[in-house]
Amino acid sequence: MDFSLTEEQIALKDSLGKFIARDYTFDDRWKVIRSSEGWSRAHWNQLAEIGLMALPVAEADGGLGGGGIDTMVVMEQIGRGLLLEPYLGCAVLPAALIKAAGTEAQRATLSEGLASGETLYAFAHTEPGQRYERAAVAMSAQVSGAGFVLSGKKITVLGGDCADQLLVSAMVSGDTGASLFLVDAKAAGVTRLAYPMQDAQRGADIDFSGVNLGADALIGTRGGAQAAIDYALDVACAALCAESVGVMDELLKQTVEYLKTRKQFGRAIGTNQALQHRAVDMMMHVEMSRSMALEAAVAVDNPDAAARAKAISGAKTIIGQGCRFVGQNAVQLHGGIGVTHELAASHYFKRLTMINVTFGDSDWHLARYGDMLLAAA
Amino acid sequence: MDLRYSSEQQVFENEVREFTLANLDPKAARKVLEGSRLEREDFLTWHRTLHKKGWVGVGWPKTFGGTGWNATQQHIFDEVTADAGAPQLIPFGLRMVAPVIMNFGNKAQQDYHLPKILSGENWWCQGYSEPGAGSDLASVNCKAERVSDPAGDHYVVNGQKTWTTLGQHADWIFCLVRTSSEGRRQEGISFLLIDMKTPGITVRPIIMLDQEHEVNEVWFDNVKVSVENLVGEENKGWTYAKFLLSHERTGIAGVGRCKRIVKRLHNVAKQAKSNGKPLIEDVRFRDRLAQVEIELRALEITLLRVLDAEREKRQPGPEASLLKIKGSEIQQALTELTMIAAGPAALPYVREGEHGAADVEWLSSEAFRYASGHYFNFRKTSIYGGSNEIQRNIITQLVLGL
Ligand SMILES: Cc1cc2nc3c(=O)[nH]c(=O)nc-3n(C[C@H](O)[C@H](O)[C@H](O)COP(=O)(O)OP(=O)(O)OC[C@H]3O[C@@H](n4cnc5c(N)ncnc54)[C@H](O)[C@@H]3O)c2cc1C
């Protein structure tokens, strides 16, 4: 057992912490929200300079070869500062996908722009009428000559608003498993509808109507992308777990501070035992979540896919519940001010709420975990 | 003992349903049913329709132009109209200030204000809370100084109210103001009626979690209010304020509205798919839906019990706090469940006329479109009307004697 971070990890955490303290105050963040892109290229480039984009890319592919714990360290800080730059959608998730699905040559070519932060990728997977299904891909890829024609619709694509290149899951007619295609976001037949998410992050719905693709657009093997999709979504879940710990921890801090400063009936509201105990329960959720974020971070590097999946779903179950409890009670303990858009804590609450409903809420992961128990029985 | 409606009550239920279906503007009903935001006119049109029929003074005695309905009838009316998608009757005039004016106001105030509340001519808002006086309402600090004037005495009001719901639409505000700083804090408070058009009043919007404008700050800068607008006696406002709050708590349970949301959730759970099957087949979701539906039934029977006790001319007791707590919890559970059902559809922030909302066609026809916004918005229900913690304190002290 060793719970300590390496020197590099500590350095990474510190430099990110400094960046947030200096360039990402709540006021700075408002400016970013109000900008037309909804996130900042300048910040993105600064993060790339610290090495964040290269971190999840394998060393063999020109990256830093970071593991689950490295991503955890970064994501926790991102949560603390409530960063809007699409690190999860455009770096962590596509890096995992490319690593797991790409051929050696594809990995090398695609990783370059990814690791430098110059090319933004996004994973287009969820379709209308779906909730969190991972394998139910309806988008069709028709074989046409040596290439394919892509038709269908993807929704709520994280970073889909700004990505240069889209990694799209689709079913080639006749296949039983999904394939993965690389599609230029500006290709003919691709239309995207970008929008802000509830938590001010950005995303898009993307329409593919008869998009012509060459044979080289296929990433990895035809019909064989499902394992890579599962892996990448597990990586994304682990990253969300880590992020939520940063969000929850910060939100708890803000709430406890408020309990100490807000006075009613001539004394701080935090002197009421009912509220003290609520804060304790919040803190317990944060600590259970922190433990499970660790479990998830370690699990993403586990080559045993079943063990990985179980740990990830266990983690996201606990963390979804933590997101809910900590978020709701932070608002409640703030009273009226807690339901306003101008309060920082409200934005933390919204992010927590959205983390729970991204890539499977706590009920969905509990079911996935339970199904694994059943399969083993 | 019988928990069913009597045949007379069933006749009444049918009468309300027929009238509502025949007279409710379908456009407004659609907005209500899909959960989009209502305009001032949407509320007022329905209000006027009911007024014409003589049904707007739901809890009012006949002497003041009310319906004279008993508690069960009021409940039936609430349930049936909510089910049809009728806009809520804004409570600040009808259910809050009106009972205060009836019980403590003078004849002139009754004659002037009550008909205008009934007709919908005057929209009221509630000026209780201040930045420093939320749960601790008795610490209100908005000052009203009495000035003698040959043309008639008046008060000069200075200070700030906040969280004023729909104050942007209001013609009048009822305020708790401080008229004395001597003695117990509760003893220096007065209940003033103020015309929102009076010079010196500024209304500033507060944007809520769902990014909508629902509450306001109201600022008073040397606002001149005639003493004729004082309700009851000076420095006795706390008594009237508490009287009003107990009325607010029974009205706040929202059983009719909850029943409508449950019904919608049934449809959603049949239509939405999870893993290729209707969501209702997902046992976790189904259990949650069943649970909240059962709790709602328990709340409904409890509400009827409390209303029945009130009928015997007893004031709503501290039991009303129970309705407020449970009602708000159920409303929150329902909005949360709708968001959970939405899954990824809970993510986008779409609003009419913005961000190409109309183009997000997979969302536009669904109950999911406003799911997250409602979830965020409804966090208010455990905070306003006296927070659920304060309600628990009331029960602790007044019911359990702890
Ligand atoms: C959407 C919305 C609409 C509203 N509309 C109106 C309106 O139209 N008119 C109006 O006058 N007011 C309105 N209010 C104000 C509302 O009544 C107050 O927000 C409420 O009374 C709480 O006060 P506060 O916000 O100052 O919170 P605080 O009183 O500061 O409370 C903060 C937290 O401390 C807790 N707390 C405080 N004291 C105690 C205690 N002794 N024991 C245990 N816990 C305690 C509270 O429960 C809460 O969790 C509205 C509020 C909201 C959110």
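Residues numbered from 1 in each chain as written. Chains lettered and ligands numbered in written order. Predicted model: local features only at pLDDT ≥ 70, side-chain atom pairs only at ≥ 80, totals over all residues. Heavy atoms only, no water.

Details of the domain arrangement of chain A
Residue and element names in this part refer to chain A. The domain boundaries assigned to chain A delineate domain 1 (7–118), domain 2 (122–219) and domain 3 (226–376). Summarising the inter-unit geometry, the C-alpha centres of domain 1 and domain 2 are found 23 Å apart. With both sides pooled, the region where domain 1 packs onto domain 2 buries about 1400 Å², and carbon together with sulfur makes up 67% of that total. If you look at where domain 1 meets domain 2, you find zero salt bridges. Among the elements of the structure, α2 (26–34), α5 (87–101) and α6 (104–116) are those that each provide at least two residues to the side of domain 1 that touches domain 2. No other element matches α5, which puts eight residues into the side of domain 1 that touches domain 2. (Domains from an automatic or database assignment. Buried area = accessible area lost by both parts, 1.4 Å probe. Salt bridge = Lys/Arg side-chain N within 4 Å of Asp/Glu carboxyl O. Helix = DSSP H or I, 4+ residues; strand = E, 2+ residues; numbered from the N terminus.)

A closer look at the interface of chain B and chain A
Counting residues at the interface gives 47 residues for chain B and 48 residues for chain A. Between chain B and chain A the total buried area reaches about 4100 Å² when both faces are included, carbon and sulfur atoms providing 59% of it. Applying the counting criterion to the chain B and chain A interface returns three salt bridges. Among the ionic pairs, Arg278 of chain A bridges to Glu389 of chain B, the shortest N-O distance being 2.8 Å. When residues of the side of chain B that touches chain A are traced back to their parent elements, those giving at least two are β6 (201–207), β9 (273–274), α9 (283–311), α10 (320–342), α11 (361–364), α12 (371–377) and α13 (388–399) of chain B. Split into classes, the residues belonging to the side of chain B that touches chain A amount to 22 nonpolar, 15 polar and ten charged. (Contact = heavy atoms within 4.5 Å. Nonpolar A, V, L, I, M, F, W, Y, C, P; charged D, E, K, R; others polar.)

What to know about the site of the ligand
Close to the ligand lie 30 residues, the nearest being Arg262 of chain A together with Ser135, Trp163, Thr165 and Ser387 of chain B. With respect to the ligand, its neighbouring residues span chains A and B. Between the ligand and Gln332 of chain A there is a distance of 2.7 Å, counted from an oxygen atom to a backbone nitrogen or oxygen. Those elements that provide at least two residues to the shell around the ligand are α9 (305–334) of chain A together with α13 of chain B. The biggest single contributor to the shell around the ligand is α13 of chain B, with three residues. Classifying every residue of the shell around the ligand by side-chain character gives 13 nonpolar, 14 polar and three charged. (Near = heavy atom within 4 Å. Polar contact = N/O pair within 3.5 Å; in protein donor to acceptor, adjacent residues only side chain to side chain.)

Considerations on the pairing of strand β3 (residues 147–158) of chain A
Residue and element names in this part refer to chain A. Within β3, ten of the twelve residues are buried, which leaves the element mostly enclosed by the surrounding structure. Bridging between strand β2 (residues 140–144) and β3 involves five bridges; their strand directions are antiparallel. If you follow Ser144 over to β3, its bridge partner there is Gly147. For β3 and strand β7 (residues 202–213), the ladder comprises eight bridges, and the chain directions are antiparallel. Looking at β7, one finds that Gly152 is bridged to Phe208. (Buried < 20%, exposed > 50% of the residue type's maximum accessible area, 1.4 Å probe, protein only. Pairing = 2+ DSSP bridges.)

What about the side chain of Gln130 of chain A?
Relative to the helices and strands, Gln130 of chain A resides in the loop between β1 (121–124) and β2. There is a polar contact of 2.4 Å between the side chain of Gln130 of chain A and the backbone oxygen of Ala136 of chain A. Ignoring anything within four residues of it in the chain, the contact list for Gln130 of chain A reads His125 and Ala136 of chain A together with Pro344 of chain B.

What to know about the pattern of salt bridges
Tallying each qualifying case throughout the model produces 48 salt bridges over all chains. For the salt bridge of Glu250 of chain A with Lys253 of chain A, the shortest nitrogen-to-oxygen distance reads 3.8 Å. Highlighted residues: Glu250 of chain A and Lys253 of chain A, both in helix α7 (residues 226–261), separated by three residues, approximately one helical turn. Across the pair Asp136 of chain B and Arg185 of chain B runs a salt bridge whose closest N-O atoms are separated by 3.0 Å. Of this pair, Asp136 of chain B sits in the loop between β1 (124–127) and β2 (143–147) while Arg185 of chain B is found in the loop between β4 (172–178) and β5 (189–195), placing the two residues 49 residues apart along the sequence. Assessed through its relative accessible area of 4%, Asp136 of chain B is described here as buried. Members of the salt-bridge network, linked through shared partners, are Glu76, Arg80, Asp249, Glu250, Lys253, Glu287 and Arg290 of chain A.

Section: the side chain of Thr162 of chain B
Residue and element names in this part refer to chain B. Tracing the chain through its elements places Thr162 in strand β3 (residues 154–162). Taking relative accessible area as the criterion, Thr162 reaches 6% and is therefore assigned buried. Each residue touching Thr162, except ones within four places of it in the same chain, is listed here: Ser129, Glu130, Pro131, Ile206, Asn216 and Glu217.

Examining the layout of surface pockets
The volume enclosed by the second largest pocket comes to roughly 780 Å³. Lining the second largest pocket are 30 residues, with Arg324 and Gln328 of chain A together with Glu329, Ala333 and Glu336 of chain B positioned closest to its centre. Of all the elements in the fold, those that place two or more residues in the lining of the second largest pocket are α8 (273–299), α9 and α11 (362–376) of chain A together with α9, α10 and α13 of chain B. If one sorts the elements of the lining of the second largest pocket by residue count, α10 of chain B sits on top with eight residues. Looking at the lining of the second largest pocket residue by residue, the classes come out as six nonpolar, twelve polar and twelve charged. (1 Å grid on protein atoms, 1.4 Å probe; cavity = no way out; pocket = protein on both sides within 12 Å on 5 of 7 lines; lining within 4 Å. Points joined across faces, edges and corners; volume = space filled by probe spheres on them.)

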